[in-house]
Amino acid sequence: ATALVAALDADRGRIIAVTWVPGDTRRVRERGVDLPRDVARRVARELGVPCVQLLVRVRGSRAQRGLHRFERADNARASFDVHPAAARRCAGIATARYGRGAPGSGLMLLVDDVCTTGATLRVCATLAGMIVRRRFHDVRIRPYALSAVPPPESNGGGVSNSRSLRGNHIHVEA
């Protein structure tokens, strides 16, 4: 979380909230930790902004591990949805930050643990962006992955310019 906060130094004043890619419930229970959620909470605390859950994982969704890049994109689209309370949560952030006046602009961070092809980050950034734009004039979703790994297939097709978070974010703005 400290490395991520340091990487965000230039954008610090523009960040209005932090959210995360929800983990698979079974895997979170097995591991005893939901890394993206836990990092998102720490980053939000260090930045002094709210940490809000905007997305949920759809029950019965398949794990991305071992899937081809095209399968990953389809699977990611079927695996996530907007949290039922997301609109209310965004309204609360807007009111707290901007009062009852016109909604403003800024960045909302979206944290995930690993980026392989970028499919999960693209889908989640798009979903989060849809709900955020209902309440804010110009808020962009800025996805961050804690690490980036090459896709399992040898033909490439992964996130070519992404690196682990040593000051770099995944270039998937929604």
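Residues numbered from 1 in each chain as written. Predicted model: local features only at pLDDT ≥ 70, side-chain atom pairs only at ≥ 80, totals over all residues. Heavy atoms only, no water.

Draft legend 1. Broad picture of the overall build of the protein. Secondary structure assignment for the protein yields six helices and five strands. Listed N to C, the secondary structure of the protein is α-β-α-α-β-α-β-α-β-α-β in terms of helices and strands. Across the 174 residues that make up the protein, the buried fraction comes to 44%. In the form shown here, the protein has an accessible surface area of approximately 9,100 Å², with 47% of it arising from carbon and sulfur atoms. (Helix = DSSP H or I, 4+ residues; strand = E, 2+ residues; numbered from the N terminus. Buried < 20%, exposed > 50% of the residue type's maximum accessible area, 1.4 Å probe, protein only. Areas by Shrake-Rupley, 256 points an atom, 1.4 Å probe, with all protein chains shown as cover.)

Draft legend 2. Layout of the pairing of strand 4 (residues 105-115). The buried fraction of strand 4 is high, at eight of 11 residues. Relative to strand 4, strand 1 (residues 15-20) runs parallel, the two being bridged by five bridges. By the bridge assignment for strand 4, T19 is matched with L110. Sheet topology places strand 4 next to strand 5 (residues 138-148); 10 bridges connect them, and they run parallel. Residue pairing for strand 5: V114 is matched across the bridge by S147. (Pairing = 2+ DSSP bridges.)

Draft legend 3. Quick peek at helix 3 (residues 35-47). For helix 3, with 13 residues, the first-to-last C-alpha span of 18 Å sits near the 18 Å given by 1.5 Å per residue. Among all positions of helix 3, only P36, V39, A40, V43, A44 and L47 are buried. The arc that holds every buried residue of helix 3, seen down its axis, measures 135°, which confines them to one face. (Expected span 1.5 Å × (residues − 1). Arc of directions from axis to C-beta.)

Draft legend 4. Geometry of the packing of helix 4 (residues 69-79) against helix 6 (residues 119-132). Remark: helix 4 packs on helix 6, axes separated minimally by 8 Å, with the N-to-C direction vectors making an angle of 35°. The element helix 4 and its partner helix 6 pack so that their crossing is right-handed. Contact residues: R72, A73, A76 and R77 in helix 4; A119, T120 and V123 in helix 6. (Axes fitted to C-alpha atoms, helices over the stretch in contact; angles between N-to-C directions. Left-handed = near helix turned anticlockwise from the far one by under 90°. Contact = heavy atoms within 4.5 Å.)

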